[in-house]
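What follows is the residue order along each chain.
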Amino acid sequence: MTARRALTATSGDRTYQVDVSPDGRVVVAPAAGATFEAVVHYAGHGRTTVATDGRTRLAHVVDDGTTRWVWIEGHVFEIAVEARTGARPRARSAAGDRLAAPMPATVVTVPAQAGQRVARGETLVVLEAMKMELPLRAPHAGLVRAVHCREGELVQPGVTLVDLEPDGGAP
Amino acid sequence: MRRVLVANRGEIAVRIARACRELGIETVAVYSDADAAAPHVLRADAAERLGPAPAAESYLDVARLLDAARRSGADAVHPGYGFLAENAGFAHACREAGLTFIGPGADAIRTMGDKVAARRLMAAAGVPVVPGVEPADQSEEGLRAAAREVGFPLLVKAAAGGGGKGMRAVHEAAAFDEAVAAARREATAAFGDGRLYLERLVERPRHIEVQVAADGTGATVHLFERECSLQRRHQKVIEESPSPVVDARLRTALGEAAVRAAEAVGYLNVGTIEFLVEGEGEAARFYFLEMNTRLQVEHPVTELVTGVDLVHLQLRLAAGRPLPFGQAALLQRGHAIEGRVYAEDPDQGFLPQAGRILLYREPHGPGIRVDAGVVEGSEVTVHYDPLLAKLIVHAETRAAAIARFDRALADFAVLGIRTNLPFLRRLVADPAFASARFDTGYLDRALETLTALAADEARLEPWAVAAAASVVGAGAAGAAVSGTAARAAPDPWATLGPWRLT
């Protein structure tokens, strides 16, 4: 029998405290705003149902080893779930701060410079893969801490190209 | 024609194999090492390995394809779209090898593939073209002189181009040299040909194309228009037929111009004439953009409104048979919309994504069609185009088709790899889509609002968190849930406990 579990869930830059009871009852508390309560049942092959008093919804859930992918009514969420300990949970996922190439690619230009302040959506690095130029943009406003690539370089997926510190202080 | 080699992969290879099977024709699939167990391989009667994953050593290798055709006893080749579909050398080599090439003649492919030659031919045939200059002097100075002649804003295009590669809009002289360098770099990489030409930039145009079909007896018909203005960086995202802005007068004029264009190049089989349309109603004017001498990605919207199976038609025409209908027999019925489902991340500049599809559920229902090249468990690689599937809907009216499309998008689940499905939903919900007030630049301008976290998404996030937190340890097929939830629906991997399989 599984005991009640205290978890922290992170979706984008939002963090939730989650308590899961052995009977499937789940309490989801956001950092601010109303608490959400539901009963979750697993139906097999990634299918779950999430029920509140007035409404039951289908959700598909799969785990790729690091992230839970959840589909509800055409919306997709990538959620990191970890056991809640005494420590303060991470406010932001690491992926938001270290920008990496999603595939093997060639660096065409590097508009970003270390020490530069950038706005959300600003192009930091332009890659080329599959004969297409692909801009790597800032996912949020912040300070470019370091640039780890140069023009003409062939970069591999997952290797950090730019360190971006979000506005509002270090994570 | 008894055995067709499909020289392609992904959704279009699956779709062609299906059409062949319906006509009692055997199919031979070809594959690279990355695609050995791909859906298009499993659909075919036989399969031949081409080579390693890179396209240059597999799907683009003419010698290996001809070798595969010979080994498998194929008597015809269908090129699909992309890869070698518009390569005149490939069409010629197939025919030299005694194979029926399911497409137009090599001369038509060559002429229409050379954008400069195509412009000249169209102008001579009385098909309107965008005013422009084809500089014989391709030096920087020669191009600058041509730019002064055309005037700004203008468009730099690759002479050998297509699909938006090697194309740059330039609004002022100061930005011209840089745009030329970038266009040349992209054109050389994509086509091995860095020649450029310049055109007046048609401001806020619509991209409307006309499907044509021609047989060997000299008969040519058009199968009406497709509206393809919703593009992101010149890549089509949503296509529909009929176009919500084409009236009867413009439809007739576009159709006649398209037939004239196909006849001018001596076209055989099915093809598409792309036009830029500026203005509306009485003031609408159109210009020849290019001809695609092959089946288009968006051909299903034409199939749904006309009831004509375009791949069946291709096979019939390639076999030397006449068109089974005249122009008067063709009608547009209802409204069809197609959305392209790509493995790409809208929040990261639409970067193509690679990875395994851990969960894949297609929508079903009346008027819903999915042409897919993947299944659950498919590995999406960086080697090929990130198109996973196409969702196409058909309904009585445009409003009904939009509602059906939105519902089908909402029922389409792909997990494990990021796709543009959520982005397509936001696009369909955009008022500009419902009111049909968009041009080819609309998507790029509206990107910021379309990629922002939508209200209903924010509202559903706690539901998603609840579902995510309840699943313990998981994996693609072996997800398990704590407590009674797991007991209510026993899953062997969740309930097996400490037993060992022996």
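Quantities reported herein were computed from a predicted structural model and do not represent experimental measurements.

Engineer: I'm lost on the overall build of chain B in this one. Help?
Structural biologist: From N to C terminus, chain B includes 18 helices and 25 strands. If one aligns the C-alpha atoms of chain B with their principal axes, the spans along those axes are about 80 × 55 × 50 Å. Every one of the 502 residues in chain B was classed for burial, and the buried ones make up 59%. Put simply, of all contacts in chain B between residues at least 6 apart along the chain, 64% involve residues at least 24 apart. Total accessible area on chain B stands at roughly 19,100 Å², and carbon and sulfur atoms take up 53% of it. The averaged location of the 64 negative side-chain charges in chain B is 3 Å from the averaged location of its 55 positive side-chain charges.

Engineer: Just to check I follow, could you spell out the sheet that holds strand E5 (residues 100–101) of chain B for this structure?
Structural biologist: Residues and elements named next belong to chain B. Strand order in the open sheet formed by 5 strands is E3-E2-E1-E4-E5, with parallel pairing between adjacent strands. In this open sheet, the two edge strands, each paired with only one partner strand, are strand E3 (46–51) and E5. Note that strand E1 (residues 3–6) and strand E2 (residues 26–32) share 4 bridges and pair parallel. Among the inter-strand pairings, Val-6 is bridged to a residue of E2, identified as Ala-29.

Engineer: Honestly, the interface of chain A and chain B in this entry has me stumped. Any pointers?
Structural biologist: It is common to give the size of an interface as the accessible area lost on bringing the parts into contact. At the interface, 62 residues of chain A touch 65 residues of chain B. Of the roughly 5,700 Å² buried at the junction of chain A and chain B (both faces included), carbon and sulfur atoms supply 64%. Between chain A and chain B we count 3 salt bridges in total. The residue A:Arg14 makes a salt bridge to B:Glu461 at a minimum N-O spacing of 2.6 Å. Applying the counting criterion to the chain A and chain B interface returns 13 residue pairs in polar contact (both at pLDDT 80 or more). In the side of chain A that touches chain B, the residues fall into 35 nonpolar, 12 polar and 15 charged.

Engineer: Before we go on, may I ask you to explain the packing of helix H7 (residues 140–150) of chain B against helix H8 (residues 176–191) of chain B in this structure?
Structural biologist: Helix-helix packing: each pair is described by the crossing angle between the helix axes and the interaxial distance. Residues and elements named next belong to chain B. For the pair H7 and H8, the least separation of the axes is 11 Å and the interaxial angle reads 120 degrees. Where H7 crosses over H8, the two elements pack in a sense that is right-handed. In this structure, H7 contributes Leu-143, Arg-144 and Ala-147 to the contact, and H8 contributes Phe-176, Asp-177, Val-180 and Arg-184.

Engineer: Explain the packing of aromatic side chains here, please?
Structural biologist: In this description, an aromatic ring pair is defined by two values, namely the gap between the centres and the angle between the planes. All names here are of chain B. Applying the stated rule across the entire model yields 10 aromatic pairs over all chains. Here the aromatic rings of Phe-152 and Phe-176 are separated by 6.1 Å at their centres, their planes lie at 80 degrees, and the arrangement is edge-to-face. A residue pair is termed long-range when its members are at least 10 positions apart, and Phe-152 in the loop between H7 and strand E7 (154–158) and Phe-176 in helix H8 qualify at 24 residues. The interplanar angle of 80 degrees and the centroid separation of 5.0 Å between the aromatic rings of Phe-350 and Phe-423 together place this pair among those described as edge-to-face. A residue pair is termed long-range when its members are at least 10 positions apart, and Phe-350 in the loop between strand E16 (344–345) and strand E17 (351–352) and Phe-423 in helix H13 (residues 421–429) qualify at 73 residues.

Engineer: How should the pattern of salt bridges be read in this particular structure?
Structural biologist: Oppositely charged side chains may form a pair once their charged atoms are brought near each other. Residues and elements named next belong to chain B. Following the criterion strictly, the structure yields 54 salt bridges over all chains and no others. Here Glu-298 and Lys-236 are joined by a salt bridge, their closest N and O atoms 2.8 Å apart. In this pair, Glu-298 is assigned in the loop between strand E14 (285–292) and helix H10 (299–306) and Lys-236 in strand E12 (residues 235–241), connecting sequence segments 62 residues apart. Lys-236 carries the same exposure label as Glu-298, and that label is buried. Taken together, the salt bridges that share partners define one network made up of Glu-209, Arg-226, Lys-236, Glu-239, Glu-274, Glu-298 and Arg-340.

Engineer: Honestly, unusual backbone geometry in this entry has me stumped. Any pointers?
Structural biologist: Phi is mostly negative for residues that are not glycine, and the peptide bonds are mostly trans. Residues and elements named next belong to chain B. A cis amide bond, omega 0 degrees, links Phe-152 with the succeeding residue Pro-153. For the bond running from Ser-241 to Pro-242, omega is -5 degrees, close enough to zero to count as cis. Looking at the element boundaries, Pro-242 is found in the loop between E12 and helix H9 (248–264). The backbone phi angle of Phe-350 is positive, close to 60 degrees, even though this residue is not glycine. Judged by its relative accessible area of 4%, Phe-350 falls in the buried class.

Engineer: Just checking my understanding: could you explain the confidence of the model for chain B for this structure?
Structural biologist: A residue-level look at chain B finds 93% of positions with pLDDT of 70 or above and a mean pLDDT of 91. Scored below 50 in pLDDT, residues 474–502 of chain B makes 42 contacts in the model with residues more than four places away or belonging to other chains.

Engineer: Would you take a moment to explain the domain arrangement of chain B for this structure?
Structural biologist: Residue and element names in this part refer to chain B. Each assigned domain of chain B is listed here: domain 1 (3–102), domain 2 (131–200), domain 3 (204–333), domain 4 (334–452) and domain 5 (463–495). Using C-alpha coordinates to define each centre, domain 1 is positioned 27 Å away from domain 4. Contact residues are listed per partner, giving 17 residues for domain 1 and 12 residues for domain 4. Summed over both sides, the interface of domain 1 with domain 4 buries roughly 960 Å², with 57% coming from carbon and sulfur.

Engineer: In this structure, what is going on with helix H1 (residues 10–22) of chain B? I would like to understand it.
Structural biologist: For an α-helix the count is 3.6 residues per turn, leaving residues at separations of three or four pointing the same way. Residue and element names in this part refer to chain B. The terminal C-alpha atoms of H1 lie 19 Å apart, and with 13 residues this matches the ideal 18 Å at 1.5 Å per residue to within 8%. Buried residues of H1: Gly-10, Glu-11, Ile-12, Ala-13, Val-14, Arg-15, Ile-16, Ala-17, Ala-19 and Cys-20, and no others. Two residues or fewer after H1 comes Gly-24, characterised by a positive phi angle close to 75 degrees.

Engineer: Just to check I follow, could you spell out the pairing of strand E4 (residues 36–44) of chain A for this structure?
Structural biologist: If a strand is regular, its side chains alternate between the two faces of the sheet. All names here are of chain A. Inspection of the sheet shows strand E3 (residues 25–30) paired to E4 by 4 bridges, in the antiparallel sense. Within the sheet, the bridge partner assigned to Arg-25 lies in E4 and is Val-39. Counted along the chain from E3 to the antiparallel partner E4, the turn is 5 residues long, and its residue Gly-33 has a positive phi close to 105 degrees. In this sheet, strand E5 (residues 47–51) lies alongside E4 in antiparallel orientation, the contact comprising 5 bridges. When the sheet's bridge partners are listed, Tyr-42 is paired in E5 with Thr-48. Remark: 2 residues form the turn of the hairpin made by E4 and E5, two consecutive strands paired antiparallel; His-45 in that turn has positive phi of roughly 50 degrees.

Calculation criteria
Residues numbered from 1 in each chain as written. Chains lettered and ligands numbered in written order. Predicted model: local features only at pLDDT ≥ 70, side-chain atom pairs only at ≥ 80, totals over all residues. Heavy atoms only, no water. Helix = DSSP H or I, 4+ residues; strand = E, 2+ residues; numbered from the N terminus. Buried < 20%, exposed > 50% of the residue type's maximum accessible area, 1.4 Å probe, protein only. Contact = heavy atoms within 4.5 Å. Areas by Shrake-Rupley, 256 points an atom, 1.4 Å probe, with all protein chains shown as cover. Lys, Arg positive; Asp, Glu negative; His and termini not counted. Charge placed at Lys NZ, Arg CZ, Asp CG, Glu CD. Pairing = 2+ DSSP bridges. Buried area = accessible area lost by both parts, 1.4 Å probe. Salt bridge = Lys/Arg side-chain N within 4 Å of Asp/Glu carboxyl O. Polar contact = N/O pair within 3.5 Å; in protein donor to acceptor, adjacent residues only side chain to side chain. Nonpolar A, V, L, I, M, F, W, Y, C, P; charged D, E, K, R; others polar. Axes fitted to C-alpha atoms, helices over the stretch in contact; angles between N-to-C directions. Left-handed = near helix turned anticlockwise from the far one by under 90°. Phe/Tyr/Trp six-rings, centres within 6.5 Å; stacked < 30°, edge-to-face > 60°. pLDDT = per-residue confidence, 0-100. Domains from an automatic or database assignment. Expected span 1.5 Å × (residues − 1).

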